[in-house]
Structure formats: C-alpha cells, structure tokens
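Secondary and tertiary structure notes
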Amino acid sequence: MSQNSVLDKASRWIRPVIKKIHAYHVADASGLIKLDAMENPYQLSVDLTAQLQARLAAADLNRYPDPAASELREKLRQVMQVPQDKEIVLGNGSDELIQMLAMAVAERDVCLMSFDPGFVMYKMIADFVGIQYVGVSLTEDFALDMEKTRAAIAQHQPAIIFIAYPNNPSANCYSEKDIEEIISIAPGMVVLDEAYHPFAQSSFMSRLSDFDNLLVMRTVSKMGLAGLRLGLLCGHPDIIKEIDKIRLPYNINVLTQVAAGFVLDNAGELAQQAKLIRDERERLLEKMQALPGLQVFPSQANFVLFRLLEKNANDVFESIKQSGVLIKNMKADDGLLKNCLRVTVGTPEENGAFLAALVSAMKNE
Ligand SMILES: *Cc1c(COP(=O)(O)O)cnc(C)c1O
C-alpha cells in the first residue's frame, strides 16, 4: 500500500474541528532569557536539591504510582488550605483537569463559557472534546462586562464557566462582587482557575462552602514546579467524585508524587520565591510605567501585559528577541489585545536585561 493511501485512511476519520486547530505553539527559547511562559525563574536551594535527589533515587520506578496519590493530596490540602469538607482531584497539570471537566459534560449542544481575551486552553479543549465554546468579551480595561455576561449565560446556559483569577493574559483579578453574581446565576459549575494564586493572594478557596456549584483549581506550575505537571481541583465531594471517574488511574507519576510531596514539606522556600517575584513585579511595573509610548496594565500575577502606543508590537518583540530576551507576542492587530506584548517577571538581572532591550527597541526607527 502506498504511503499516501495509508495517510488517507487515517485522515478521513480525523474530525474537521481537529484539522482546523492550530497546534499549541511553544517558542524555541534556546540561548535566550526566557520570559515568555510565566515560569518561576528560581531553582530550589542547593541543600533542598540534594535532599530531593536522594528521595527521587529511592522512588520505586518499577511500581505503578499510588493511583489516588493520597499522601500528596493531604499535603496539598494543608498547604493550599482546602476546607476539610471539600474533596480534591489531581491532574497532570491543571490543563488535564480542564480536559476532565470538559469530558464530564461533553454532550451535543453543551457549551463551555469563559472570557476573552483569556486562557487559550479552555477553547482548545472544548474543540478537542467536540463541544461549543462561548467567549464573552471583557471590557477595555479587562473587567467582566456583566451586561454581556448575564445575556450570554441566559442564552447559552453553559455547563461550565471558567474564570481565570487573575486572568491570563491581562494579569488582573476581576471584581469579587461580579464573580459572586456569576456563580449565583450560573446554571452549572463555575471553575475559578487560580493558577497565579501565589502572586495574587486573593482566592475563592475559603468561599467553597458558600456555593455548591463552585470549584477552585490550582496548580504548582507558576509557583516554581512547572516541570512536574501537577494541578488540583477542589470542591463539593459529590462533584469531585464524578470528575474523578474520568481521571486515568495513574495520571500523577511516581516522580511527581515524590518530588511534589518533598517540596510541599518545604513550602516556605517557594513562598519566599513568590515574595521575591511580587516585589520584583512592583519594581518592573514602576520602571515600565515611567517609559513613554507604553500603556502598562496593572498586574496581580507574575507577568505584565503592555501595549505599544506608537511602535509596532511585532517590531518591538523582534528587537527584544534580537537583544536576547524572549517574551510573548500577543499578535493582535485589533481588539482588546491590539499591539500588546506580555512579559514574565524574572530575576532582577533578567528584568534588567528586558528593560534595557525594551528601551533600545523603542528607540529604534
Ligand atoms: C498557566 C495556566 C494554567 C496551566 O497550568 P498547568 O497546571 O501548568 O497545566 C492554567 N490556567 C491558567 C489561567 C494559566 O495561565
């Protein structure tokens, strides 16, 4: 059989919605200062790294992991202050939890709702599982547009509403009052995606008991363990029980269970790093706000969104990259992200290099 006909046999079954998707693109950062992906720039201390290596060396790689990851879940409950009467399901990153939630509701005519501009995975995963995605536009300053939101909820009756808190890519936390209203009028579940919690320090975790349809999602990625792939979804036991049925039995591997458990026992070190990043964010915001030709948006996360008011964002992005710093180009010619770039808060040295590259890019003809 020719190569082509083999491919045709596969291709004719691939859903059109999948063929249309642009694969999630991860930029090549080799040789560049990496300020594009909201990673924590700090590594663990030498002392903790040595202890961690010993733990990993002792891990039973020949055995399947604990399918429930019970020990790890209890540590997460303590560190993240999950209320005792709520349940937790773990995911291979919070991306996998979004996927489990979508799979749990995926029926014809079911809709998943979030806000635009927002986190791209909500829409991508809706496409993967074949359900509709509705993105309600934010206002110009990235607040929830409650009039539009009320109308969209009434019209589309979403099974799940995802609210990133703080939002990515705008870095702000929405009004608590607006969120409470959305949870109250939603006909289904509302997921508060608190991926940036270590930098925001406001949370709906303690509000879980106020709303049975509320779920709070966290991840260890942005706090310094992006390589482990570990997220958690917290909420009413009756809901979590159903989501947990969709979870593949060994989704949290042995090394992640060991490493995350160890680092959580030493969570103070990550908390210190988060404090450094928050302080550094304030310094970066101040310096950027002092630059002419920029609109800098407020941030309660570990990144800053900004708009070029005179220069072309693509040119500035390329010039900054030429200087050796990779940030994120939002690639918008119009709309709310028009001419915007996004930079992750790094170490003082990295941020210094970014600021110098930005200043020089803005000077270029
Ligand atoms: C980065 C990010 C996540 C992804 O987290 P993982 O746990 O690494 O999969 C989830 N939600 C938002 C809003 C994010 O920005």
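Residues numbered from 1 in each chain as written. Predicted model: local features only at pLDDT ≥ 70, side-chain atom pairs only at ≥ 80, totals over all residues. Heavy atoms only, no water.

Some words on the site of the ligand
Around the ligand, a shell composed of 13 residues is seen, among which Asp193, Tyr196, Thr219, Ser221 and Lys222 lie nearest. At 2.6 Å from an oxygen atom of the ligand is found a side-chain nitrogen or oxygen belonging to Tyr196. Separating an oxygen atom of the ligand from a side-chain N or O atom of Lys222 is a distance of 3.3 Å. Contact with the protein chains covers 93% of the free accessible surface of the ligand, which is 390 Å². Each residue belonging to the shell around the ligand can be placed in one class, and the counts come to 4 nonpolar, 5 polar and 4 charged. (Near = heavy atom within 4 Å. Polar contact = N/O pair within 3.5 Å; in protein donor to acceptor, adjacent residues only side chain to side chain. Areas by Shrake-Rupley, 256 points an atom, 1.4 Å probe, with all protein chains shown as cover. Nonpolar A, V, L, I, M, F, W, Y, C, P; charged D, E, K, R; others polar.)

Description of the sheet that holds strand E8 (residues 231-235)
Taken together, 7 strands build an open sheet; the order of strands is E2-E8-E7-E6-E5-E3-E4 and the sheet is mixed. Bordering the open sheet on either side are strand E2 (87-91) and strand E4 (132-137), each of which pairs with just one other strand. Taking the axes of each pair of neighbouring strands and ignoring which way they run, one obtains an average angle of 25 degrees across the sheet. Summarising the sheet, E2 and E8 pair through 5 bridges and their orientation is antiparallel. Residue pairing in the sheet places Ile88 in a bridge with Cys234 of E8. (Pairing = 2+ DSSP bridges. Helix = DSSP H or I, 4+ residues; strand = E, 2+ residues; numbered from the N terminus. Axes fitted to C-alpha atoms, helices over the stretch in contact; angles between N-to-C directions.)

With respect to the packing of helix H3 (residues 46-57) against helix H12 (residues 254-265)
Packed helix pairs are characterised by how far apart their axes lie and by the angle those axes make with each other. Running from N to C, H3 and H12 cross one another at 145 degrees; their axes reach a closest spacing of 10 Å. Classified by chirality, the crossing of H12 by H3 is right-handed. Where H3 approaches H12, its residues Leu48, Gln51, Leu52, Arg55 and Leu56 are matched on the opposing element by Leu255, Val258, Ala259 and Phe262. Looking at the contact of H3 with H12 residue by residue, the class counts come to 7 nonpolar, 1 polar and 1 charged. (Left-handed = near helix turned anticlockwise from the far one by under 90°. Contact = heavy atoms within 4.5 Å.)

So, the pattern of salt bridges
Going through the model one piece at a time under the given rule, you end up with 20 salt bridges. Across the salt bridge formed by Asp127 and Lys123, the nearest N and O atoms sit 2.9 Å from each other. Of the two residues, Asp127 and Lys123 are both situated in helix H6 (residues 120-129); the distance of 4 residues between them amounts to about one turn of the helix. Across the salt bridge formed by Arg281 and Glu282, the nearest N and O atoms sit 3.0 Å from each other. (Salt bridge = Lys/Arg side-chain N within 4 Å of Asp/Glu carboxyl O.)

Regarding the packing of helix H13 (residues 267-289) against helix H15 (residues 348-363)
Contact pair H13 / H15: the axes reach a minimum separation of 11 Å and the direction vectors enclose 15 degrees. Here H13 is positioned roughly parallel relative to H15, judged by the angle of their axes. You can see that H13 and H15 cross each other, and the crossing is right-handed. Across the interface between the two elements, Glu280, Arg283, Leu284, Lys287 and Met288 from H13 touch Pro348, Asn351, Gly352, Phe354, Leu355 and Leu358 from H15. In terms of residue class, the contact of H13 with H15 is built from 6 nonpolar, 2 polar and 3 charged. (Parallel < 35°, antiparallel > 145°, perpendicular 65-115°, else oblique.)

Overview of the domain arrangement of the protein chain
Per the domain assignment, the segments making up the protein chain are domain 1 (3-44 + 269-363) and domain 2 (61-266). Computed from C-alpha atoms alone, the centre-to-centre distance between domain 1 and domain 2 is 23 Å. With 29 residues of domain 1 at the contact, the number on the domain 2 side is 32 residues. The contact between domain 1 and domain 2 buries some 2400 Å² in all, and 67% of this surface belongs to carbon and sulfur atoms. On inspection of domain 1 and its partner domain 2, the count reaches 0 salt bridges. (Domains from an automatic or database assignment. Buried area = accessible area lost by both parts, 1.4 Å probe.)

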